[in-house]
Amino acid sequence: MFADISGFTPLTEQLAALGAEGVEKLSAELNKYFDSLVSIISKHGGDIIKFAGDAVLVIWPATSAQGLPGMIILASICAKELLTSLNEYTVPTPAGKAILRLHIGLGAGPAGGVTVGGVNDQVEFFISGQVLEQVSSCEKQALPGEVYVSASAWSQVEPGILAGKIQGKEELNYRLDSVKVTVDLPPLVQLPLYTDMIEPLKKYLQPAVLRYIADPSGKKWMAELRSPSVVFVMLTQPLSPFVEALLPQLQDVIADMQTIIYRYEGTVRQFLIDDKGSVMIAGFGLPPRSHEDDAARAVLTALEISSSLLKQGVSCSIGVTTGTVFCGNVGSEQRREYAMVGDIVNLSARLMVASKGGVLVDSPTYNSAKGSPELDFEKQDPIRVKGKTNPIDVFIPYKRKTAKAAVANSNAILVGRKEEISTLEERLKRLQTKMEIEDAGHPLILILEGEAGVGKTRLVNHMKMLYSQLEHFNKQHIYTGSGENIQRGDYYIWRTICAGALDATGKYIKKELLLKIFPDGDRSMLPLLKAVLPLNISEKDLHSLSPQRRSQMTTSLIIKLLRALLPKGSLVQLENAHWMDSASWALAGALSQESNLAILVVVSMRPIEGDVPIQYSQMSNSTHATHLRVKNLSEDECSELITTTLEVTGKLSKDVTKNIMERTEGNPFLTVAIVSAMRDSGAIQFNKNKELVFVEGAASIPMELSGLLTSKVDKLHPGQQIILKIGSVIGQVFDMEIVSRILALLQTDSTLIDMSTKPEILRKDMREIEASGLIVRDSPEPDLTYQFANTLVKDVIYSLMLYSLRRDIHKAIVDYYNEKYSGNPTYYPLLAYHSKQAEMKEEAYGHYKKCGSTALSQNSHKEAVSFLTDAKELINDLNMESDFERIEINRKLGQAHYHQGQLKKADETLTHALELMGMTIPDGIKLKNAVKKRSLVTAPLMFHPRKEKEIHNERNHRQREAILCLLSLARIAYYRNDKNRCTYASIMATVLSSQTEFVAMSSDANAFEAVTFGYQGDHNSAESSLGKAIRAAKDSEVIMRFHMTAGMYYSGRGKWNLVKENFKKAREMAVTIGDLKSSEDATLFLDFGYFVTGDMSDSVKRIKKVVESSAHRTDNQNYLLSKIFLARTFYTLGIIKDCMHAIMDVGYAWSKEQSDAGDTDVSATMNYRPLMALLLLKHDKFPEANQHAEKAFQLASSIDPTTYFSLYGYSWLVEYYLTLMRNPVLYEKHANIIVRTKIQTRFKKCLGFLKHFSMMFQIAEPRYRLLKGIGLFLDKKQSQAESQWKRALQLAQDGSMRFEEAVILFHRGTHLASDDDLAAANKILPTISSQALDPIPPERRFAGKKQRKQLSALKMSDGKGGKHRSSNDLLADQDLDRRVGRSRTTRSAKDRQSASPHITRQNSRESTASADDAIPIPKSEQVPRKTKPGLVVSEQSG
């Protein structure tokens, strides 16, 4: 009987859409099907001889009393039951479902069992004979759901027993409709297995099976997902074993194919004679013989088989494919085979048929094998094959007569790297110097950044070796922590460093030891050190700490701990820093700013994908840091690495180096690993000229790293492989305790696992695995900890396992952590990750929600987004009766996005949360009309119809969530300058809060409503709302928020006394309650008030504190805003270089994706782009400047301003076009970009934007009238201009806006050549000349003698009696055209040592102005920055 499954091919293609998981699902469904099929066949006495892909070949030997007719009847009954049970088998797929059906052919007659082969003691068994021709004919004639019986078999059964109808024209077979008799089923006989049978039977088993056959649970670990190359060989003329003269040829053919396959270290999967003819199936990349070049081996095997058989007079057709397949048992407990299952197996058979006497390979095989020195390929027209919707690209391979050359890569040997080593030595010398001076200054920072395998770890190890050899250094003072790509909680990378400094790895630390380190004032906070140390101290006294305060204190304590424990000259390594959590980055940033700390911090990392941590930018650009970008090797260095790896001194063929460089691009890790493999395989040898060349006919050149690493794994025994697989699930770092425990939890009846859990055997296994180079020891005994040699190693091993096995191990890890660390929040991130991977969705959701909520409260917003996003995905899979959880998760996720500065995502997420409650915010004209008419949509909150009893309990919670969402949406719209949406959300929040018991929210809603009334000019309503808000504010936190919002409202009105009063109170209260974000907000807005009123004495100092604080908290929103405020202050004070650094930090912090998606703070953007345009214009970069100005213009055209602190952005945009109008030379050579008429038009429109802004915020009117007057003056309307300036000056003076007063006097003085005005302006602000609208120094443009004297007085000493030029001359300090594209490190020593016109690095010089009301110039300190192409800035600040 030949039973063939219909529908298997489309099922395979549908599940292929799921990738590797689809392959596993396919095998699982096939095994479920086969389990039922085998059971039915066995019950009816059938003996399965072969699993032929999606079919089975079964025999009923006619040796019993019933004889052959009885076996035909039994087989017919079996066939009908198979159809009844399995003909409509449904399998769910991504496309819906697939149906598997059966069609069966029956025949009867003589058959012969043949054993052939014997090469490497491996034989193949199959049956052949005329009966197979009967079966093949019937199976082809049968449709799905039918059984056909050959005429020969039908005739041997007594008439009337089998009912059916003869069918066909050329071949007459019977369609079996029913069997008219019943028979007793034969008893199941368990075949005995005697000891002396084992060795002979092993010849029939594949090597992958033999490794696990002694272990009862071996099949669980034997099944894997691999990417082998599959070879199908079909002999064009089947060889009959019943023709005695052909038996020797049959043996020769099989032995010849075995010899070729085994020479290339492939595996013979199966030889069978079926409906396709005589077919040999082989696999390359199956255990225990996998290689990095299996695709090339498979193609070479196919070509040699074709050539060899042709010499014997036997033609063949061959197909070769490569891809992911399931490798493991197929069948059931009763009868099974080791097989490869997957789409590429079917495709290989299709290509075999399509090749028609030749060899065809698919694209993946071609891509993997094209680098072989022995192969060439010819692309063919795409072909269509059964089971594939789209045509398939195919190639014909050829064996080259002359070999070409190959590949390679790794980091075991350090060659070249002269510049890098020089940098390492320089850092160590600097460290030695720091140890010898009393004030060591900041810690030294060395950042090694490069792709995986580029050699960062090798360079660090070399540095450690140099460190241990230098005088006064002790190798015991090297402390290492490593990041992981699995969330392990805050400060993870610092745990081993802190424990190592205390010599307390793996054991609890006594409290008394810490009491010696910390003064009395810090002792109550010691439990916070549990974040990095194993402490058994109660935290009951710390519950009152706010999350922000807790985070701040934890970082402070850890720094104090490190300062106390790290000896002078310590080397602290942060490995895999690209995986550091936000808290670890914050600690690294804070430590790098510590003073008098003589240590070296080495940060090794890959380039960061996505959002770049603020601390990375700060550390990278600090004056005490060196940023070393490690690149791949040059061709000469690669050649040296190859010869060093091979331990030879001879020359290397240029072709060898060239081909290796083509494949590896000079990556050291890949080069060493693959060259070593080629050496071991004999692929590289010396020729007669003593040159290293590839050997003709030797093993193909290794190409794929995954294949290389898999081959290393395959060389280990199964128990060691199991340990590695468990380790890969645990993470990059794993210890023996958890491995032993997981082994015990997974299976207790496994011989392999029982052996591995014995300590002495386990340690021996670990030593052998370590010797393989796959892992390295991370910590010594007794607390053995290991880590994978590379993340690629871990990933490859992890990818080998079936998804079902991964889930089992993840679940065991969850059980382990729950058992050992129950209730410990430090392990919640790990529990969340492993629970999710184990598909324990409810538990994973709970942990992700806890982690996300905690991260949000601690201002770890990046982590909060990650955790809450996972929680949101999981909650959609959970069948929760109420939507309340979804609402809460979306609200928290929206707030996390908001604090990350991802305003668009925040808006979308919060809006979705509102929609879940049945609330919507209209858009477009509907929104405008709703706000205008106050016709708000105040529909009741929506509740689940089946939850009426719960509505009462949920109502308050839902209203609370709704108000929180609306207030957040109002703030987002405020910063995005979406006035109508901001107003609508604010009023809705007010309406809802008035209906609830949440008094605090009522205060927040009314206070923010006052802001919206303010920018609408309805100040009576605004004051009324503020009154309601303060009356509802009861506790200190609500009162603090009230003062914050009141200060924002009064800032727009220019009530500076009230502004300062409210923001001061808000800041004081925020500090008291530990709300760092609110403290920063109050500081920034308070600074704006001081700035406008002319008090700039501490502006830089104030804002820099916010920069540092927001960076520590990873609050992108405040970080960007504070940087813009800082740039504004530097620009005003004439410190142009530092202004550039600050403003470029803003551009660097915004990713292109965020900017293009509109996912930025519009108010910040409105300040950033005009200022950037002005600065670029001053540096004669008109095309770049104009791009920023155009984007700012488009933005201003599309928004209705809501934020009062956008004042200077609107003003700078007008000033940009004024500058162009005054200086045509700046743009005349760019006539293709802009013309004068367009500039004038843009000026007028931008002035209109500023006028509209001033109608909302009266603080802008003086600036509007000033700039309008300049425009009139340029238009030769001097009297009108003077009128505008007079009114502007009066408004500024009435509003106590001293800065505006100075600017107005300066511009009036310059245009009217009034020395009195210029003197008055200079008295208020000595750096007022920086506000000139010309890119050339004003002393060379304007005529006033007195003015020139005053500007001359601003020239300051460099400390040695020398003179500097004015602030505007800074613009000429660099020849920007000459330096475009060059890094800061290319500057000359003279450039690096130059001081600012206003300050030096160590000591600021005070302003020469002596007037009491003059604004002193603050110290200019180094600020983190990121240089952009086309705008190079100096290393020192201005």
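Residues numbered from 1 in each chain as written. Predicted model: local features only at pLDDT ≥ 70, side-chain atom pairs only at ≥ 80, totals over all residues. Heavy atoms only, no water.

Take the sheet that holds strand β17 (residues 336–341) next. Ordered by their spatial adjacency, three strands build an open sheet running β11-β16-β17, and the pairing between neighbours is antiparallel. Bordering the open sheet on either side are β11 (224–226) and β17, each of which pairs with just one other strand. Direction aside, neighbouring strands of the sheet carry axes that sit 30 degrees apart on average. (Pairing = 2+ DSSP bridges. Helix = DSSP H or I, 4+ residues; strand = E, 2+ residues; numbered from the N terminus. Axes fitted to C-alpha atoms, helices over the stretch in contact; angles between N-to-C directions.)

The next point concerns the nonpolar core. Core analysis: the biggest nonpolar cluster contains 157 residues, and Y1204, Y1216 and Y1217 have the highest contact counts within it. Leaving out residues up to four positions away in the same chain, Y1216 has contacts with A1173, L1174, L1177, F1182, A1185, N1186 and A1189. (Core = buried A, V, L, I, M, F, W, Y, C linked by side-chain atoms within 4.5 Å. Buried < 20%, exposed > 50% of the residue type's maximum accessible area, 1.4 Å probe, protein only. Contact = heavy atoms within 4.5 Å.)

Let us now look at the pairing of β17. Counting buried positions along β17 gives five out of six residues, so the element sits mostly inside the fold. Relative to β17, strand β16 (residues 325–331) runs antiparallel, the two being bridged by six bridges. Paired with G328 across the bridge in β17 is A339. Remark: four residues form the turn of the hairpin made by β16 and β17, two consecutive strands paired antiparallel.

This part is about the environment of K712. Looking at the element boundaries, K712 is found in helix α24 (residues 705–714). Not counting chain neighbours up to four residues away, the residues in contact with K712 comprise S772 and L774.

Another point: helix α42 (residues 1056–1073). Taking 1.5 Å per residue as the helical rise, α42 with its 18 residues ought to reach 26 Å, and the 26 Å between its terminal C-alpha atoms agrees with that figure. At its buried positions, α42 is contacted by α41 (1036–1053) and α43 (1076–1092). (Expected span 1.5 Å × (residues − 1).)

Summarising burial for strand β1 (residues 2–6): five of the five residues are buried, a large majority. Judged by which residues are buried, β1 turns out to be covered on both faces: F2, D4 and S6 on one side and A3 and I5 on the other are all buried. Here β1 runs beside strand β5 (residues 96–106); their pairing, made up of five bridges, is antiparallel. Within the sheet, the bridge partner assigned to I5 lies in β5 and is L102. Where β1 and strand β3 (residues 55–59) come together, three bridges link them in antiparallel fashion. Bridge pairing links A3 to V56 in β3.

Attention now moves to the pattern of salt bridges. What the rule picks out here adds up to 55 salt bridges. Across the salt bridge formed by R1102 and D1087, the nearest N and O atoms sit 3.0 Å from each other. With R1102 in helix α44 (residues 1099–1112) and D1087 in helix α43, the pair connects residues that are 15 residues apart, well separated along the chain. When sorted by exposure, R1102 lands in the same class as D1087, which is buried. The shortest N-O distance in the salt bridge between K1123 and D1145 comes to 2.8 Å. Of this pair, K1123 sits in helix α45 (residues 1116–1133) while D1145 is found in helix α46 (residues 1136–1149), placing the two residues 22 residues apart along the sequence. Residues K1123 and D1145 agree in their burial class; the two are buried. One network of salt bridges, in which partners are shared, links E224, R226, D714 and K725. (Salt bridge = Lys/Arg side-chain N within 4 Å of Asp/Glu carboxyl O.)

Our focus in this paragraph is the environment of L162. Residue position: L162 is located in strand β9 (residues 162–167). The spacing of L162 and D177 is 15 residues in sequence and 7.8 Å in space, taken between C-alpha atoms. Those residues in contact with L162 that lie beyond four places of it in its chain are I72, S76, W154, V157, L176, S178 and V179.

With that settled, the discussion passes to the side chain of K50. Relative to the assigned elements, K50 resides in strand β2 (residues 47–51). Despite its burial, K50 pairs with no opposite charge, the nearest such side chain being E124 at 4.3 Å. Only 2.9 Å separates the side chain of K50 from the backbone oxygen of F125, close enough to count as a polar contact. Look past the residues within four positions of K50 in its chain and what remains in contact with it is A55, V56, L57, E124, F125, F126, Q270, F271 and E337. (Lys, Arg positive; Asp, Glu negative; His and termini not counted. Polar contact = N/O pair within 3.5 Å; in protein donor to acceptor, adjacent residues only side chain to side chain.)

The next thing to look at is the packing of helix α2 (residues 20–43) against helix α30 (residues 803–820). Two packed helices can be described by the angle between their axes and the distance between those axes. Put simply, α2 and α30 touch, their axes get as near as 9 Å, and they point 100 degrees apart. Taken as axis vectors, α2 and α30 run roughly perpendicular relative to one another. Residues A20, E21 and E24 of α2 pack against Y803, S804 and R807 of α30. For the contact of α2 with α30, the residue count by class is two nonpolar, one polar and three charged. (Parallel < 35°, antiparallel > 145°, perpendicular 65-115°, else oblique. Nonpolar A, V, L, I, M, F, W, Y, C, P; charged D, E, K, R; others polar.)

Glancing now at the packing of helix α31 (residues 828–837) against helix α32 (residues 841–857). Taken N-terminus to C-terminus, the directions of α31 and α32 make an angle of 145 degrees; their axes are 8 Å apart at the nearest point. Our pair here, α31 against α32, has a crossing hand that is left-handed. Of α32, the residues touching α31 (which contributes Y828, P829, L831, A832, Y833, S835 and K836) are E843, A844, H847, Y848, K850 and C851. Residues belonging to the contact of α31 with α32 are distributed by class as follows: eight nonpolar, two polar and three charged. (Left-handed = near helix turned anticlockwise from the far one by under 90°.)

Quick look at a nonpolar patch on the surface now. A contiguous nonpolar patch, built from F125, L193, I198, L201 and Y204 and spanning about 450 Å² of accessible area, is present on the exposed surface. With respect to the helices, strands and loops of the structure, I198 is situated in helix α6 (residues 195–202). (Patch = residues over 30% accessible without salt bridge, like charges linked within 9 Å, V, L, I, M, F, W, Y side chains within 5 Å. Areas by Shrake-Rupley, 256 points an atom, 1.4 Å probe, with all protein chains shown as cover.)

The tally for this structure, following the rule as stated, stands at 37 aromatic pairs. Summarising the aromatic geometry, the rings of Y1208 and W1212 are spaced 6.1 Å apart at their centres and angled 35 degrees between planes, so their arrangement reads as tilted. Of this pair, Y1208 and W1212 are both found in helix α50 (residues 1207–1222), four residues apart, which corresponds to roughly one turn of the helix. Given a relative accessible area of 3%, W1212 falls into the buried group. Positioned above the aromatic ring of Y828 is the side chain of K850, whose terminal nitrogen or guanidinium carbon lies 5.0 Å from the ring centre. The ring of F1125 has R1128 lying over it, and the distance from NZ or CZ to the ring centre is 4.8 Å. (Phe/Tyr/Trp six-rings, centres within 6.5 Å; stacked < 30°, edge-to-face > 60°. Lys NZ or Arg CZ within 6 Å of the ring centre and 35° of its normal.)

Moving on, we get to the environment of R1113. When you line up the elements, R1113 lands in the loop between α44 and α45. Accessibility expressed as a relative area gives 4% for R1113, which makes it buried. Considering only alpha carbons, one finds R1113 and N859, 254 residues apart in sequence, at a separation of 5.8 Å. Excluding anything up to four places from it in sequence, R1113 contacts N859, H861, L1076, K1077, E1080 and N1118.

The omega torsion across P287 and P288 is 5 degrees, close enough to zero to call that bond cis. Looking at the secondary structure, you find P288 in the loop between β14 (277–284) and α10 (294–311). For A1313, which is not glycine, the phi dihedral falls at a positive 55 degrees. Tracing the chain through its elements places A1313 in the loop between α54 (1298–1312) and α55 (1315–1324). What makes A1313 partly exposed here is its relative accessible area of 49%.

Helix length check: helix α21 (residues 635–646), at twelve residues, gives a terminal C-alpha distance of 17 Å against a target of 16 Å (1.5 Å per residue), a fit within 8%. Along α21, the positions that sit buried rather than exposed are C638, S639, L641, I642, T643, T645 and L646. One or two positions beyond α21, positive phi appears at E647, with a value near 55 degrees.

This part takes up the sheet that holds strand β30 (residues 775–779). One key point about sheets: their strands pair by backbone hydrogen bonds, in either a parallel or an antiparallel sense. One open sheet holds the three strands; their spatial order is β29-β31-β30, and the pairing between them is antiparallel. Each having just a single partner strand, β29 (733–735) and β30 make up the two edges of the open sheet. Adjacent strand axes in the sheet meet at a mean angle of 35 degrees, parallel and antiparallel pairs treated alike. Across four bridges, β30 lies against strand β31 (residues 785–788) in antiparallel orientation.

On average, residues of the protein carry a pLDDT of 81, and 84% of them reach 70 or more. The element-level mean pLDDT for the protein is lowest in helix α57 (residues 1376–1379), coming to 31, with strand β18 (residues 359–362) highest at 97. Within the model, pLDDT remains below 50 along residues 938–947, and this stretch shows 19 contacts once partners closer than five positions in the same chain are excluded. Counted against residues more than four places away or in other chains, residues 1336–1438, with its pLDDT under 50, gives 221 contacts. (pLDDT = per-residue confidence, 0-100.)

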